[in-house]
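Residue strings, one per chain:
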Amino acid sequence: MRFRHPDGSTVHLAYCTNVHPAETLDGVLAQLRDHCEPVRRRLGRDRLGIGLWLAKDAAHALVTDPSALRALRTELDRRGLEVVTLNGFPYEGFGAEEVKYRVYRPDWTDPARLDHTTALARLLAGLLPDDVTEGSISTLPLAWRTALPQTAGSAGADGTSTASRAETARTSLITLAQRLDALAELTGRSIRVGLEPEPGCIVETTADAIAPLTAIGHERIGICVDTCHLATSFEDPHTALDALTRAGIPVVKTQLSAALHAEQPHLPEVREALAAFDEPRFLHQTRTATSSGLRGTDDLGEALKGGALSDAAPWRAHFHVPLHAAPAAPLTSTLPVLKAALTRLVGGPHPLTRHLEVETYTWQALPPELRPRARAQLADGIAAELTLARDVLTDLGLKELP
């Protein structure tokens, strides 16, 4: 979906296909047919943006076979779909029964991450619509915190020092930026990559992103703001985005998502409601803001154990809940944070980003009574999320384009 901003620029809205995880190229083609096109038809649109997730094997098949890439581009056109952004965070196995910490491997200290992201950039340059010259890719925020320790002089899991591993990650991202420059010169397509701050990672918040991105110092490497992660860390959207602007950090893309919010986690009925969202597939980092700073656990189940996390103030959990359907009381979602972020991102005289992506990948991880029971129900839900996002954008003065 495309929107005209009052300044005349085009803002793109898509939804991320990691909600239909496919590891192979055949799987990707099937998801276009079985899921993406039905969502487009429900919205009554001739064209729908999707944020493709291409796992390692699918990306390898495409980058080593130009005819396969051309066939994918043809299939996108045939089904009324377009791609301006890729989700490059998960590497493989996102459809596994247990993902948890695996999603952070390989990290930016591993050459495999650089090679994979380079491949994604090459593929995106070939998938962009003919009238679009800029693409975006989101990626993990360097590493999970225990893979790249923050304590000066400490060592990583392989015995290398913090400084050495941090320098390796920085060097890899600088190398990526140079490759993106070369790709732009070769193709005329500008691809940018955004580190996506996430609770528990080395770059947990937007504030954490400023120093490493300043050290990289390249316009093609910026930040991907995920509004669920922003809310889980209790960041104020206006404060966070203003700080990025002052630092000159580009917002490459924004993922529109909502976290789980519990206003009174000390109440038994609230804990019972939260327990229904404690599931075995994904990691649901949980945070609370205290007088001494942000505190949290790696997963929701840990927080629910007695004494693991203070329950004197509200909790937020990294569980992407559907945008249009907040959980039943006594829980709610952080949709107001999403709306505040969008106001700052695209509600001003010029957009801070032009790539927006709805990313609710947890539909099948919801409590059983809330899960879609068939493809049609899932398509209805995704279409409803996109409709909500569209309405927020038009309320901010953007005009939906055909």
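Bear in mind that the values here come from a model prediction, so they are computed numbers and not experimental data. (Residues numbered from 1 in each chain as written. Predicted model: local features only at pLDDT ≥ 70, side-chain atom pairs only at ≥ 80, totals over all residues. Heavy atoms only, no water.)

Draft legend 1. The arrangement of the overall build of the protein chain in detail. Counting secondary structure elements, the protein chain contains 12 helices and 15 strands. Based on the C-alpha atoms only, the size of the protein chain along its principal axes is roughly 55 × 50 × 45 Å. Looking at the 402 residues of the protein chain, the share that counts as buried comes to 58%. Counting contacts in the protein chain only where the partners sit at least 6 residues apart, residues at least 24 apart contribute 79% of the total. Surface exposure of the protein chain reaches about 15500 Å², of which carbon and sulfur atoms provide 51%. (Helix = DSSP H or I, 4+ residues; strand = E, 2+ residues; numbered from the N terminus. Buried < 20%, exposed > 50% of the residue type's maximum accessible area, 1.4 Å probe, protein only. Contact = heavy atoms within 4.5 Å. Areas by Shrake-Rupley, 256 points an atom, 1.4 Å probe, with all protein chains shown as cover.)

Draft legend 2. Just the environment of P280, in detail. When you line up the elements, P280 lands in the loop between helix 9 (268-275) and strand 10 (286-290). The class for P280 is exposed, based on a relative accessible area of 58%. For P280 and G301, which are 21 residues apart along the polypeptide, the C-alpha to C-alpha distance reads 9.5 Å. Here P280 is in contact with E97, E98 and K100, once residues within four sequence places are set aside.

Draft legend 3. Spatial organisation of the side chain of T297. Tracing the backbone through its elements, the reader meets T297 in strand 11 (residues 293-297). Residues in contact with T297, not counting those within four places in the same chain, are Q285, T286, R287, E302, A303, A308 and L309.

Draft legend 4. Quick look at unusual backbone geometry. Following R105, the chain continues into P106 via a peptide bond in cis, with omega recorded as -10 degrees. In the segment running from A329 into P330, the intervening peptide bond is cis, with an omega of 15 degrees. By the element assignment, P330 lies in the loop between strand 12 (315-321) and strand 13 (331-333). With phi around 45 degrees, K100 is a residue other than glycine that occupies positive phi space. Considering the arrangement of structural elements, one finds K100 in the loop between strand 4 (81-87) and helix 4 (111-127). Looking at K100, the relative accessible area reads 13%, which means it is buried.

Draft legend 5. Representation of the pattern of salt bridges in the model. On inspection of all chains with the given rule, the structure shows 28 salt bridges. Across the salt bridge formed by D181 and R220, the nearest N and O atoms sit 2.5 Å from each other. Taken together, the positions of D181 in helix 5 (residues 162-187) and R220 in the loop between helix 6 (206-216) and strand 7 (221-226) put the pair 39 residues apart, joining distant regions of the chain. Among the charged side chains, a network of salt bridges with common partners joins E37, R40, R41, E75, R78 and R79. (Salt bridge = Lys/Arg side-chain N within 4 Å of Asp/Glu carboxyl O.)

Draft legend 6. Representation of helix 9. Among the residues of helix 9, V270, A273 and L274 are the ones counted as buried. End-on, the buried residues of helix 9 take up no more than an arc of 100 degrees, which puts them together on one face. Facing away from the buried side of helix 9 by over 90 degrees, the exposed positions are P268 and E272. Contacts from the buried residues of helix 9 go to strand 9 (258-262), helix 10 (300-304), strand 12 and strand 13. (Arc of directions from axis to C-beta.)

Draft legend 7. Layout of the environment of P212. Within the fold, P212 resides in helix 6. Remark: the alpha-carbon pair of P212 and R170, spanning 42 residues in sequence, is separated by 7.6 Å. Not counting the four nearest positions on each side in its chain, P212 is found in contact with L142 and V203.

Draft legend 8. Broad picture of helix 3 (residues 66-78). With 13 residues, helix 3 should cover 18 Å at 1.5 Å per step; its first-to-last C-alpha distance of 18 Å lies within 8% of that length. Within the span of helix 3, buried status applies to A68, L69, L72, R73, E75 and L76. Seen along its axis, helix 3 keeps its buried residues to an arc of 160 degrees; they face one direction. Seen from the open side of helix 3, the exposed residues pointing more than 90 degrees away from its buried face are P66, R70, T74 and R78. Each element contacted by the buried residues of helix 3 is listed here: helix 1 (25-43), strand 3 (48-52), helix 2 (56-63), strand 4 and helix 4. (Expected span 1.5 Å × (residues − 1).)

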